[in-house]
Amino acid sequence: MNKNLKILFIALLALAVAAPAMAAKITAHGDLDNRMLVYTDQINFFSSNSASNTELSNDDAPDTFATAKYRLWTKMETNDGNTYGVYAIEFGGLRFGSGGTGKASGGSFSGDGINIETRWAYTDFQLPSVDTKARFRIGLFSNNVNKNFWAESAMGVKFYTDNWYIAWLRGDDRQAAGGDSWGDGDLDTLSARYDMKLEPAKVGLFLSYFWQDTQDDVSDFSSFNTFTSYALDDINIDTDFYALTFGVDGSWGTATNQGKFFVNWDVMYQIGEFNDVSGTGLAADATDMDLAAYFAHLDVGLNFGKATVTYTLYYASGDDNPNDDDLDGWLGADTDASFSVIMNEGGYTNDDYFTDRYYIADKGIIVNKLALDYKATKKTKIGVAVLLLQTAEDMEWNNVDQFGTPGVTNTFADDSIGVELDAYISHKLYKNLTLAWNFGFLSSDDATDAFEPAGTRNGSGDVDVFRSTARARLKF
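Scanning the chain for helices and strands turns up two helices and 21 strands. Partitioning the contacts of the chain with sequence separation of at least 6, the portion at a separation of at least 24 is 61%. Total accessible area on the chain is roughly 23,000 Å²; 57% of this is exposed by carbon and sulfur atoms.

Shown next, in the form of C-alpha cells:
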C-alpha cells in the first residue's frame, strides 16, 4: 500500500469512527452588556459589599465610568436531546481604562488583562427508558431555590423533572487532615423544590439545608463583620453550624373590569444553630447561638391597557440584640437584589452596589415600593417608582466605627434609611439590542449616618445620594 492510500485509509477510518458523534446540535448564545455610570455624587457608596470602602462623604465624591460584562456560552446537544453539555465564559465588570491583571482588569492600553472566568460548565442527561423528563445535571450550573434567598451558580449534582428537583451542592471544600472526621470543613447544601400549576395560580414549595462541621472547639466571632459577611455563603469562619430554610412562593392573576389583577408572594422561615461560638462580634460569650428568622415579599398590581401599577413589600427580620445567644436576622445565601437603584443592583452598572442582598447586615430590611410602568410603544417602556426604606431593627453605631463595634459605647440608633425616587426608559433598537437609562435619588434619613466618615457621625443622615446609569445590551 503506497503512502497516499495509507493516508486516505486513515482519513476514512477517522470519519467512520467520528460519524456517530456528529449527530449533534451545537448552538451559541451571548449576553453582551455595555454599561455606563452616567453620574453619581457618592461613588464610594457603591463598593460591592466592602464595608471598609462603603462611605457617604460629607463632600461630594463625583464620578463617571464605563464598563462591560460579556457572557458567551455554547450548548452541545445530541439530536435526540438525551444528553447535552453547556460551557460559558465571561469577563465582567471590566471598566474602560482599568489596568493591571485580574478578573476586572485589562481594560487599559493593549487590553491584556487576565480577566476571563468560567460561568457555567455542566453535563445534563436523561435517564434511559423513562418516558417523562428525569434528568441529571452535574457540574457548575445556575441554582435557583428562590430568587430572594439563593439564585446563583454553584457546583454540584441535580436531579430534576418537569415539576420538582433535588440537588446537592458544595460551597466550600477542605481536604481532611489527620484526626479529622469525615466531612470536616466542608460546607454542603441539600435543596429541593416542588412546583404546582393550579390555574390561575402557581405555587412552589422549597427547602434548603446548609451544614458545616469542624474540629475547632470554639469559633471566635470577635472580628465578625455583619455588613460584609452576614450571609450563609460568606460567613467564612470555621464553625459547626446548620441552617434550614423552607418556604412557599407563587403567583395568582385574574381579569377584572379595570384590567388584569395579579399577586406574587414569597414567604420563608429559617431555623438553625451555630455551635461553640465565642467573642462579641455577634454574641457576648455565647456557647451556642440559635437561628430563627423570616422573610416575606409581596407584589400586588393591576395591569390596565399599556400601564401597570405595582405595590411591593419586602420584609427581612433583623436582630434586635447582637449580644445575646439568639440570631434573629435573616440570612440569605447568594442573591442579586435589584429593587433599588441606590441600595442594591437596580442600577445597570450592577457590579458596583451598596449591597446585593435583601437586607442590611444583621438588621434586616423593610421596603415599601410603589411603581408605575408604561409601555409607550411596542419597543419603548418607561417607569417611575417611589420607595420608603428602613431596617427591620435599629442599626446601632458610634462616632468611631460602624454598627456598634464591641468595646465602644453605642451612641446612635435608628432604622430609617430614607425615601428613594427612581425612573427609567428602555427602547429596543433592534430585536436583540436594548438601550436603557435610569436614575435614582435617595433622600437620606438618620440611619445612613452610620456610613458617614468616622469623626463626623452625629446621629443625623446628612448626605443624599444620586446615581444614574445606562446600558446597550445585545442578547442572542
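Turning next to a negative patch on the surface. Taken together, the side chains of Asp276, Asp288, Asp290, Asp320, Asp325 and Asp326 make up a negatively charged region of the molecular surface. Residue aspartate 290 is classed as partly exposed on the basis of its relative accessible area of 39%.

Take the nonpolar core next. In this structure, Phe45, Phe149, Phe274, Phe339, Met343, Ile360 and Phe451 are the most contacted members of the largest nonpolar core, which totals 69 residues. By residue number, the principal contributor to this core is strand S18 (residues 380-397), which donates five residues. Setting aside anything within four residues of it in sequence, one finds phenylalanine 45 in contact with Thr54, Glu55, Leu56, Ile342, Met343, Tyr353, Phe354, Phe451 and Val465.

In the segment running from glutamate 199 into proline 200, the intervening peptide bond is cis, with an omega of 5 degrees. In this fold, proline 200 is placed in the loop between strand S8 (187-198) and strand S9 (201-212). With a phi angle near 60 degrees, serine 129 is a residue other than glycine that sits in the positive phi range. Considering the arrangement of structural elements, one finds serine 129 in the loop between strand S4 (117-126) and strand S5 (135-146). The backbone of alanine 361 sits at a positive phi, close to 50 degrees, despite the residue not being glycine. Secondary-structure assignment places alanine 361 in the loop between strand S16 (326-327) and strand S17 (365-375). On the basis of relative accessibility, which here comes to 3%, the residue alanine 361 falls in the buried class.

Thresholds, definitions, all that
- Residues numbered from 1 in each chain as written.
- Predicted model: local features only at pLDDT ≥ 70, side-chain atom pairs only at ≥ 80, totals over all residues.
- Heavy atoms only, no water.
- Helix = DSSP H or I, 4+ residues; strand = E, 2+ residues; numbered from the N terminus.
- Contact = heavy atoms within 4.5 Å.
- Areas by Shrake-Rupley, 256 points an atom, 1.4 Å probe, with all protein chains shown as cover.
- Patch = residues over 30% accessible without salt bridge, like charges linked within 9 Å, V, L, I, M, F, W, Y side chains within 5 Å.
- Salt bridge = Lys/Arg side-chain N within 4 Å of Asp/Glu carboxyl O.
- Lys, Arg positive; Asp, Glu negative; His and termini not counted.
- Charge placed at Lys NZ, Arg CZ, Asp CG, Glu CD.
- Buried < 20%, exposed > 50% of the residue type's maximum accessible area, 1.4 Å probe, protein only.
- Core = buried A, V, L, I, M, F, W, Y, C linked by side-chain atoms within 4.5 Å.

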